[in-house]
Amino acid sequence: MFGMEAHTMFFVKAIAFLLLLMTLGELTTRCYCWAATGFLLWAVMTSVGLSSDDSVAAIAALLFVRAVPMLYKRALTVAATYPLAMILPIAKHILPKYTITEENFYDCDGCSAEVAQKRRVALKELSDKWKTKYPKCADFSQELKKMISDLRFTSSRCFPAFNEVVQKYLDPSMALDRTEGVDVVDLDGNKSMDVSGSYGVNVCGYETYKEFIEEGWKTAKKAGLFLGSLDKTVLDNIAMLREISGHPEVSFHMSGTEAVMCAVRVARFNTNRKMCVTFGGAYHGWWDGMQPVVGNDRIPADVLCLKDMSELSLKVIELRKGEIAAVLINPLQCFHLNQSPPSDPVLSTNNRKVGPTPGYKEWLHKLRAVCTRCDIPLIFDEVYTGFRLDPKGAQGAYDVEADLIVYGKTLGGGLPIGVVCGPKNLMQRGDAKKAARINYVIGTFAGHPFVMATMNAFLKWLQKPETVKSYDVMRENIESFISSANSALEKKGYPIKLTHWYSVWSILYNEPGRYHWMFQYYLKDAGINLSWVGTGRLLFSLEWKKADYDRLLVCLLSACEEMKQGGWWEPPVANIKQRLGIEVATAVAKNILGSFSQS
């Protein structure tokens, strides 16, 4: 019509060139290769006499043959993927924050006016009691919240819709003065039995860490802040770490997250692959490059989050072995398989599912065999479990040898630490054949003299026969405590049950209820110190004795009675799941209407 027919190919080429420029860096190299291959095939076939239509049909047939196995691989990957990893990118934009007002706070489970009043009085009484009991802690917390976002975040310890009302009455923050054995003492002089475990660090017991720090300082004070050169203490530590890990090379870092970053980085570099595999609900530090679910606004495209203990997952690993740089395992997942770490902020009713998973050891051995067969490095993230389960960590507890092991937390003997152990071929920082291909994994404070000295004290303590024996004693004491506590709880009719995995334990709620998260506040009042995850994950240390466990049971039962008397464990009248669904749907609708009105 416009006389452009003669220039069609020019415009086609121009369009292709412009699309290339517009998408450069946005699409993978593979996309460009497929497009270029298709164009070349078309050019060759048309040049030998085939019509354009026949050429396109032939290319489509070839593409179909190539696409079938790829689509099968993709479909299998979707089937094996941890559901939350697929849902979260959409859900985080839809699920609203909403607040249950104080007017509806006490009877949102459909209870009677009498029960609601009992709860109202109980909350006010607890609040008044804490004003007298924790005045310095409260003042200290209020000042810190103005300056530390972390504290504002961790102060929200109940199901989110209830936070506004609860924070008006109760502040669970503790301002520490000192530790005494298994107790922590706050600024107001209150002693509490600590089951927070300092986020997993406290394996040995606070008094033991004091000894490590004092002993380490005796050695380190001569070096002061001298960095960049290692000493005999470091060599001594490496020798002991080689024995524990079973690997010849060691890399030092300043946190568990940093050590995970190192392990993933060296695995990707030395395998020349990009994809990493994690399993549902596993936590590998706060780095956004290895956190594919809740807590990360940037969902990494080079991480496959698969279902734990799934045969489909093993098939995906085998099918995609050419892409996978490493498979990461956090052995703690045995305690909450395919679940996010248990915590009170997600406790909407009795929906907590935790406890040791039968067959987990056999699963790890299967996974180890698949990784060996596919030449994929298996990484054990032992930041949390290392030295908590066994003197040789999860490797010792499950009799599985990983290709790279990441340690942290307690290994520092009371100071910050991260360590990666592995073989030379996976720990290389440079390419033997390509001069410009270098893998930087360095840190200013790696190998700090004081940290190395306290680590040395810890590792020497770990080798003592009495230390090894103390693990068995701790396990026996914990078994006895859990059994005694559950018998007492059942006898008194309290709707909770304790479960444990080695020295990690949790509280399960036997009956539906909207206020189970309230129990953490009564535990605090009874003299039990918890972390911000509340009753979700609790910890014992090797320092605990029989008398300590007995004292804990007394405190636990006291908290149960107060919880019951406050009316918080009255059976719900309304269907909780239906109520929750209505609340969320109403909040979503309000958000949508609000966005329309603003536009």
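What you are looking at is a predicted structure, and each value in this text was computed from that prediction instead of being measured.

A look at the overall build of the protein chain
Logical step 1: Across its full length, the protein chain holds 21 helices and 14 strands.
Logical step 2: Oriented by its inertia axes, the alpha-carbon framework of the protein chain measures out at about 90 × 70 × 45 Å.
Logical step 3: For the protein chain, the residues scored as buried account for 49% of the 599 residues in total.
Logical step 4: Long-range contacts, defined as pairs at least 24 residues apart, comprise 75% of the intrachain contacts of the protein chain with a sequence gap of at least 6.
Logical step 5: Carbon and sulfur atoms make up 60% of the accessible area of the protein chain, which totals about 30000 Å².
Logical step 6: Taken as two groups, the 68 positive and 62 negative side-chain charges of the protein chain have centres that lie 3 Å from each other.

Points about the packing of aromatic side chains
Logical step 1: Tallied over the full model, the rule gives 30 aromatic pairs.
Logical step 2: Taking the centre distance of 5.3 Å and the plane angle of 90° together, the rings of W501 and Y502 count as edge-to-face.
Logical step 3: Note on W501: relative accessible area 4%, which makes it buried.
Logical step 4: Put simply, the rings of F105, Y106, F159, F162, Y515, W517 and W568 pair up and form one aromatic cluster.
Logical step 5: The side chain of R437 reaches across the aromatic face of F269, ending 4.1 Å from its centre.
Logical step 6: For K524, the ring lying beneath its charged end belongs to Y134, and the centroid distance is 4.4 Å.

Description of unusual backbone geometry
Logical step 1: Of note, the phi angle at S198 is positive, near 50°, even though the residue is not glycine.
Logical step 2: Topologically, S198 is positioned in the loop between β3 (191–194) and α10 (206–220).
Logical step 3: Although it is not a glycine, D375 adopts a positive phi angle of roughly 55°.
Logical step 4: Within the element layout of this structure, D375 appears in the loop between α14 (360–374) and β8 (378–381).

A word on the environment of L306
Logical step 1: Mapped onto the elements, L306 comes out in strand β6 (residues 303–306).
Logical step 2: Along the chain, L306 and T77 lie 229 residues apart, while their C-alpha atoms are 8.0 Å from each other.
Logical step 3: In contact with L306, not counting residues within four places along its chain, are A80, T81, Y82, V277, T278, F279, G280, S313, V316, I317 and N338.

Some points on the environment of L552
Logical step 1: Of note, L552 is situated in helix α20 (residues 546–565).
Logical step 2: Take L552: its relative accessible area is 1%, and that puts it in the buried class.
Logical step 3: Distance from L552 to G527, taken between C-alpha atoms, is 8.7 Å for residues 25 residues apart in sequence.
Logical step 4: The contacts of L552, once residues within four sequence positions are left out, are M193, V195, F481, W505, I528, F540 and W544.

Points about the sheet that holds strand β11 (residues 496–501)
Logical step 1: Within the open sheet, the three strands sit side by side as β11-β12-β14. Their pairing is antiparallel. Both edges of this open sheet fall to β11 and β14 (538–539), since each of them pairs with a single strand only.
Logical step 2: Inspection of the sheet shows β11 paired to strand β12 (residues 504–509) by six bridges, in the antiparallel sense. Considered in β12, the bridge of H500 is made with W505.
Logical step 3: Contacting β11 and β12, helix α18 (residues 465–492) runs over the sheet at an angle of about 170° to β11.

Concerning the pairing of β8
Logical step 1: Burial along β8 is two-sided: the face carrying L378 and F380 and the face carrying I379 and D381 are both buried.
Logical step 2: Bridge count for strand β7 (residues 324–329) against β8 is three bridges, and the pairing is parallel. Within the sheet, the bridge partner assigned to L328 lies in β8 and is I379.
Logical step 3: One crossover worth recording links β7 to the parallel β8 by way of α14, and it is right-handed.
Logical step 4: Bridge count between β8 and strand β9 (residues 404–408): three bridges; the pairing is parallel. The residue of β9 that forms the bridge with D381 is V406.
Logical step 5: Traced from β8 through helix α15 (residues 393–398) to β9, the parallel crossover comes out right-handed.

Some thoughts on the nonpolar core
Logical step 1: With 134 residues, the main nonpolar core has M518 and F519 as its most contacted residues.
Logical step 2: Looking at this core element by element, the count peaks at 10 residues for helix α17 (residues 449–462).
Logical step 3: Counting 22 residues, the second largest nonpolar core, distinct from the first, contains C262, A325, A326 and M427.

Thoughts on helix α13 (residues 311–319)
Logical step 1: Turning to α13, its buried residues number three or more, namely S313, L314, V316 and I317. Buried residues in α13, looked at end-on, bunch into an arc of 160°, giving them a common side.
Logical step 2: Residues of α13 that are buried make contact with α3 (52–80), β5 (275–279), β6, β7 and α14.

Rules used throughout
- Residues numbered from 1 in each chain as written.
- Predicted model: local features only at pLDDT ≥ 70, side-chain atom pairs only at ≥ 80, totals over all residues.
- Heavy atoms only, no water.
- Helix = DSSP H or I, 4+ residues; strand = E, 2+ residues; numbered from the N terminus.
- Buried < 20%, exposed > 50% of the residue type's maximum accessible area, 1.4 Å probe, protein only.
- Contact = heavy atoms within 4.5 Å.
- Areas by Shrake-Rupley, 256 points an atom, 1.4 Å probe, with all protein chains shown as cover.
- Lys, Arg positive; Asp, Glu negative; His and termini not counted.
- Charge placed at Lys NZ, Arg CZ, Asp CG, Glu CD.
- Phe/Tyr/Trp six-rings, centres within 6.5 Å; stacked < 30°, edge-to-face > 60°.
- Lys NZ or Arg CZ within 6 Å of the ring centre and 35° of its normal.
- Pairing = 2+ DSSP bridges.
- Axes fitted to C-alpha atoms, helices over the stretch in contact; angles between N-to-C directions.
- Right-handed = clockwise from strand over helix to strand, strands pointing away.
- Core = buried A, V, L, I, M, F, W, Y, C linked by side-chain atoms within 4.5 Å.
- Arc of directions from axis to C-beta.

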